[in-house]
Amino acid sequence: MIKIALKNIRLLEKISKIPVLKHFFILKISENFPEIKSELVLNKFYGDIWVNDKTSKKTEKNRFSDLNIPSFELMKENKNCIIHDIAVSNGISSNDFNKFLLKKKKKHEFYISDKFAEIKIKKGFITKAYDNENNLIFAYAGCFYAADKNIFFPLTVLLFKLIQKTEVPEKFDYNLLLLHPEVLKKMKKNEIKFINCDVFKTDISEKFTFVRAMNILNLGYFNEKKIKTAVANIKKSMKENAVLLVGRTNAKKINNASFFRKQNNKLVHLKDINEGSEIKNIILNL
Ligand SMILES: C[S@@+](CC[C@H](N)C(=O)[O-])C[C@H]1O[C@@H](n2cnc3c(N)ncnc32)[C@H](O)[C@@H]1O
């Protein structure tokens, strides 16, 4: 069935829409991902996962095309931009931004990060996937879907809770890097560099000239105190005069975002896109 699906992209696209089969296929076809050309399949398989801190891995190609030009305008003064795109999920929107800057012949270094870029797999009668903090993300038994806390079918939720109570394996069979094949190609050429960063914990000092944090510091995900901690961390990682872009894509796919500049250890508001970021006041009162 898997071999047939791999040769037949339409079938794969149909499977990717079935929540109960999706995770099984993520693991079974993961080594073939570099050859898969269907964005629909890649999007479902890489992006439609909920991680433990309530954030999803949802992302999309060309999600931030309206933010590219204002970002570029604010980068102009800087001859060699050092960019950090935080919490990028599979990184496809970073790839878009990198391509845009290359087209504009803007000299830059591009770093991406995501706390949950990698998942760890333990094979068995019940195959389980864990994040890097050993939280169960999903599991399946045989070729049947077993458990995902975010598909609100009572049996799947119950199974998830039961499997969650079992011991975390000491060793895993393999790790799966949930980055888009196009991003992996760029990483091989050193055009995009992956760094480990937990936005609440990782301590980086005055390295970046442009930081983008889209769809991570949302009030729906984290409370004000946590957001303050994250923004303080990000601010520390920025050089003097560096620019920060923060925002959230709403249900209508509109990007409500704000730009800030670091000046005298403060983040000064520069401009809003659409309604601006919902955490603008938190940032200004930091
Ligand atoms: C909704 S996605 C945003 C993806 C992309 N920035 C976009 O807007 O299309 C949120 C991402 O945040 C990551 N994430 C969650 N907690 C994080 C943390 N503490 N530090 C860094 N990344 C985190 C998740 O793994 C997920 O991929």
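Caption draft 1: View of the pairing of strand β11 (residues 255–263). One ladder, built from 7 bridges, connects strand β10 (residues 238–249) with β11; its direction is antiparallel. Along β11, the bridge assignment pairs Val 243 with Arg 261. Alignment of β11 against strand β12 (residues 266–273), held across 7 bridges, turns out to be antiparallel. By the bridge assignment for β12, Ser 258 is matched with Asp 272. Where β11 hands over to β12, the hairpin turn is made up of 2 residues, of which Asn 264 adopts a positive phi near 50 degrees.

Caption draft 2: Here's a closer look at the sheet that holds strand β9 (residues 208–214). Strand order in the open sheet made by the 7 strands is β8-β2-β1-β9-β10-β11-β12, with mixed pairing throughout. Each edge of the sheet is formed by a strand with only one pairing partner; in this case those strands are β8 (193–194) and β12. Contacting β1 (81–86) and β2 (108–112), helix α6 (residues 92–103) crosses the sheet at an angle of about 180 degrees to β2.

Caption draft 3: Highlighting the site of the ligand. Taken together, 22 residues are adjacent to the ligand, and Thr 59, Ala 87, Ser 89, Phe 116 and Asn 215 come closest. Looking at the shell around the ligand residue by residue, the class counts come to 9 nonpolar, 6 polar and 7 charged.

Caption draft 4: Representation of the pairing of β9. Counting buried positions along β9 yields 7 of 7 residues, so the element is predominantly enclosed. Note: β9 against β10, 6 bridges, orientation parallel. The partner of Met 214 across the bridge, within β10, is Gly 247.

Scoring rules and cut-offs
- Residues numbered from 1 in each chain as written.
- Predicted model: local features only at pLDDT ≥ 70, side-chain atom pairs only at ≥ 80, totals over all residues.
- Pairing = 2+ DSSP bridges.
- Helix = DSSP H or I, 4+ residues; strand = E, 2+ residues; numbered from the N terminus.
- Contact = placed C-beta atoms within 7 Å.
- Axes fitted to C-alpha atoms, helices over the stretch in contact; angles between N-to-C directions.
- Near = placed C-beta within 6 Å.
- Nonpolar A, V, L, I, M, F, W, Y, C, P; charged D, E, K, R; others polar.
- Buried ≥ 20, exposed ≤ 12 C-beta atoms within 10 Å, placed from the backbone.

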